[in-house]
Amino acid sequence: MADKAWGGVFSEATDARVEAFTESVSFDRRLYAHDITASVAHAQMLTSVGLITNDECRQIEQALSNIRQEIEQGDFPFRTELEDIHMHIEHALIERLGDVGRKLHTARSRNDQVSTDLRLWVRDAIDTIDARLVDLQRAFVERCTADEGVILPAYTHMQRAQPVLANHYWLAYCEKFERDRGRLAGARTRANVLSLGAAAVAGTSLPIDRHDVAGRLGFEDVAANSIDVSSDRDFVVEFAFVLAMIAEHLSTWAEEWVLWSTAEFDFLKLPQPFCTGSSIMPQKVNPDVLELTRGKSARVIGNLTSLLVLIKGLPLAYNRDLQEDKERLFDSYDTVKACLELAAPLVAGTELKREQIAARLDRGHLDATTLMEYLISRGMPQRTAHHATGELVRKALDRGVRLADLPLEDFKAADKSLDKSVFEVLGPEHAVAAFVSYGSTGHEQVAAQVARWKKQLGS
Ligand code: ARG
């Protein structure tokens, strides 16, 4: 048991199957850089309060820096029996420095250590996801120059509803991802709290300075309750939730674009480098990236569920169950990051099939609501105008024509004061031009929003 940091009380060796079952180094090794960063700050604090000497601190910093290099170069030996990344790094330190290395774990437990490492990791991960979200927003906003004025049908209940500007659609996604960015910022604030110094559960009798460590690591606050923070994984669950929301938003976009790229919709031409073929049907160009983006949301939602169940009913404070948090968290992060990194170039490289869209824009009486609002603006009560417009749509349906193809007499039958100026609100172009409310699809409204987004993103 000489190799084990906790071996003193044991007289029998650990069963190899238990070592394999309990190890986490196979996945928590990705915390190595954050573990070393936190250890350096911890050693510096130990020096400043006089628990180790300046020279000991220098030796520890130097050895940790060498260990970091070896890990990065792939020269570092990982061994199942050393359990986790924290033990590996400490073990290597003691191998190099002997008793000086044995001092690093002063006033520290792996319980507060793993929490600190994970908080540092989550902070970086949040910043990376945030930057990828901005890349995707930028891809949508940059489309707006080329797609200005293009009209698409908007759908409700998956039925053609009203005509909207394509740019209005693109900015709808920007809004969703902006809310995700706000959620990330909130999650970051709550993750950015120092847990180190809580030690195993009760704190320490040694004269440490936790605020000093917090300052060195850029934490905005120091957790005030050692029992709570040594086992708190709210910040993990919260980040996993935000990742799940992003995955949800991506899945809506992916589903929409899968549909839009079908021959039935024929709105989009996806970039070939982002499509794959079929092994049997030579003509196929499949939207697999979109389908997998839609599909991968399942595991991100599953990971969130796993984490929620993991902490449910867990008594205070640290329990080994918590080791199960990392794979779920890492998987959500890796998955969403990969989806975002493909989404941005896919959005940038896709073409709107303007002619095909325009040729069928007359279907579905997209201008009916605008006609109703025209009648309302002339003094007709809304319910009456709704009914009258419905009757006009019925006539158009019966004759298989557009509203704009009905003769003036039909409009006069609905409201005898109507004249041929009614035709100025009919047709998708006129209907779009009629929108004026804040946040609507009117040209001026959308142009103002595009300008706001361009300014915000600096594009
Ligand atoms: N590998 C552990 C984890 O990820 C580190 C903390 C273990 N603490 C302990 N006392 N066994 O949760």
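Before any of the text, the structure's been laid out above.
Below: a short report on this structure. Keep in mind the model is a prediction, meaning the values are calculated, not measured.

The helix and strand tally for the protein chain stands at 19 helices and six strands. Whereas a compact globule of 459 residues would reach a radius of gyration of roughly 23 Å, the protein chain reaches 31 Å, over 25% beyond that. Along the longest, intermediate and shortest principal axes, the C-alpha atoms of the protein chain span 100 × 55 × 40 Å. Burial statistics for the protein chain: of 459 residues in total, 48% are counted as buried. Taken as a whole, the protein chain presents about 21800 Å² of accessible surface, with 52% of it coming from carbon and sulfur. Positive and negative charge centroids in the protein chain, built from 53 and 68 side chains respectively, lie 4 Å apart.

Applying the stated criterion to the full structure yields 15 aromatic pairs. On the numbers, 5.4 Å between centres and 90° between planes, the contact of Phe265 with Phe267 is edge-to-face. Residue classification places Phe265 among the buried residues on the basis of a relative accessible area of 15%. An aromatic cluster is built from Phe140, Tyr155, Tyr169, Trp170, Tyr173, Trp253, Trp257, Trp260, Phe265 and Phe267, whose rings are joined through pairwise contacts. Across from the ring centre of Phe78, 4.0 Å away, lies the NZ or CZ of Arg29, which sits over that ring. Of note, Arg123 hangs over the ring of Phe219, and the distance from its end group to the ring centre comes to 5.0 Å.

All right, on to the environment of Asp130 then. Within the secondary structure, Asp130 is located in helix H7 (residues 110–146). Between the C-alpha atoms of Asp130 and Ala388, which are 258 residues apart in sequence, the distance is 50 Å. Beyond its immediate stretch of four places on either side in the chain, Asp130 contacts Arg181 and Leu184.

Okay, the packing of helix H8 (residues 166–191) against helix H19 (residues 443–457) next. Interhelical geometry of H8 versus H19 gives an angle of 45° and a closest axis separation of 11 Å. Viewed along their axes, H8 and H19 adopt a mutual orientation that is oblique. With respect to the hand of their crossing, H8 and H19 are arranged in left-handed fashion. Every residue of H19 that contacts H8 at Asn167, His168, Leu171, Cys174, Glu175, Glu178 and Arg181 is listed here: Val446, Gln449, Val450, Arg452, Trp453 and Gln456. Of the residues that constitute the contact of H8 with H19, the class distribution is five nonpolar, four polar and four charged.

For the bond running from Leu316 to Ala317, omega is 0°, close enough to zero to count as cis. You will see that Ala107, though not glycine, has its phi angle at about 60°, which is positive. Here Ala107 shows up in the loop between helix H6 (99–102) and H7. The class of Ala107 is buried, set by a relative accessible area of 10%. One non-glycine residue, Ala199, adopts positive backbone phi at about 55°. Here Ala199 is to be found in the loop between strand S3 (193–194) and helix H9 (210–217). Looking at Ala199, the relative accessible area reads 8%, which means it is buried.

Most of strand S1 (residues 151–156) is tucked away, with five of its six residues classed as buried. Between the antiparallel neighbours S1 and strand S2 (residues 159–165) lie two residues, among them His157 with a positive phi of about 55°.

With that settled, the discussion passes to the nonpolar core. Ranked by size, the top nonpolar core spans 110 residues in total, and within it Ile129, Phe140, Phe239, Trp253 and Trp257 carry the most contacts. With 16 residues, helix H11 (residues 234–260) is the single largest residue contributor to this core. Excluding residues that lie within four positions of it along the chain, Ile129 makes contacts with Leu184, Phe239, Leu243, Ile246, Tyr333, Val336, Lys337 and Leu340. One finds Tyr374, Met380, Ala385 and Leu418 within the second-largest nonpolar core, a separate group that totals 18 residues.

So, about the site of the ligand. Taken together, Ser24, Asp28, Asp84, Arg110, Asn111, Val114, Tyr318, Arg320, Gln323 and Lys326 make up the full set of residues near the ligand. Measuring from a nitrogen atom of the ligand, one finds a side-chain N or O atom of Asn111 at 3.1 Å. The contact in question runs from a nitrogen atom of the ligand to an N or O atom on the side chain of Gln323, over 2.9 Å. Starting from 340 Å² of accessible surface for the ligand in isolation, the protein chains cover 87%.

Next up on the list: the state of the cysteines. According to the stated counting rule, one finds zero disulfides in the structure shown. Left unpaired, Cys339 is separated from the closest cysteine sulfur, that of Cys275, by 16 Å.

Between helix H12 (residues 288–311) and helix H13 (residues 325–349), the least distance of the axes is 9 Å, while the angle of their chain directions is 155°. By the angle class used here, H12 and H13 are roughly antiparallel. Judged by the sense of rotation from one axis to the other, the crossing of H12 with H13 is left-handed. Here Val289, Leu290, Thr293, Lys296, Arg299, Val300, Asn303, Ser306, Leu307 and Leu310 of H12 come into contact with H13, specifically with Asp325, Arg328, Asp331, Ser332, Thr335, Val336, Cys339, Leu342 and Leu346. By residue class, the composition of the contact of H12 with H13 is nine nonpolar, five polar and five charged.

The rules we used
- Residues numbered from 1 in each chain as written.
- Predicted model: local features only at pLDDT ≥ 70, side-chain atom pairs only at ≥ 80, totals over all residues.
- Heavy atoms only, no water.
- Helix = DSSP H or I, 4+ residues; strand = E, 2+ residues; numbered from the N terminus.
- Rg over C-alpha atoms; globule rule 2.2 N^0.38 Å.
- Buried < 20%, exposed > 50% of the residue type's maximum accessible area, 1.4 Å probe, protein only.
- Areas by Shrake-Rupley, 256 points an atom, 1.4 Å probe, with all protein chains shown as cover.
- Lys, Arg positive; Asp, Glu negative; His and termini not counted.
- Charge placed at Lys NZ, Arg CZ, Asp CG, Glu CD.
- Phe/Tyr/Trp six-rings, centres within 6.5 Å; stacked < 30°, edge-to-face > 60°.
- Lys NZ or Arg CZ within 6 Å of the ring centre and 35° of its normal.
- Contact = heavy atoms within 4.5 Å.
- Axes fitted to C-alpha atoms, helices over the stretch in contact; angles between N-to-C directions.
- Parallel < 35°, antiparallel > 145°, perpendicular 65-115°, else oblique.
- Left-handed = near helix turned anticlockwise from the far one by under 90°.
- Nonpolar A, V, L, I, M, F, W, Y, C, P; charged D, E, K, R; others polar.
- Pairing = 2+ DSSP bridges.
- Core = buried A, V, L, I, M, F, W, Y, C linked by side-chain atoms within 4.5 Å.
- Near = heavy atom within 4 Å.
- Polar contact = N/O pair within 3.5 Å; in protein donor to acceptor, adjacent residues only side chain to side chain.
- Disulfide = S-S within 2.5 Å.

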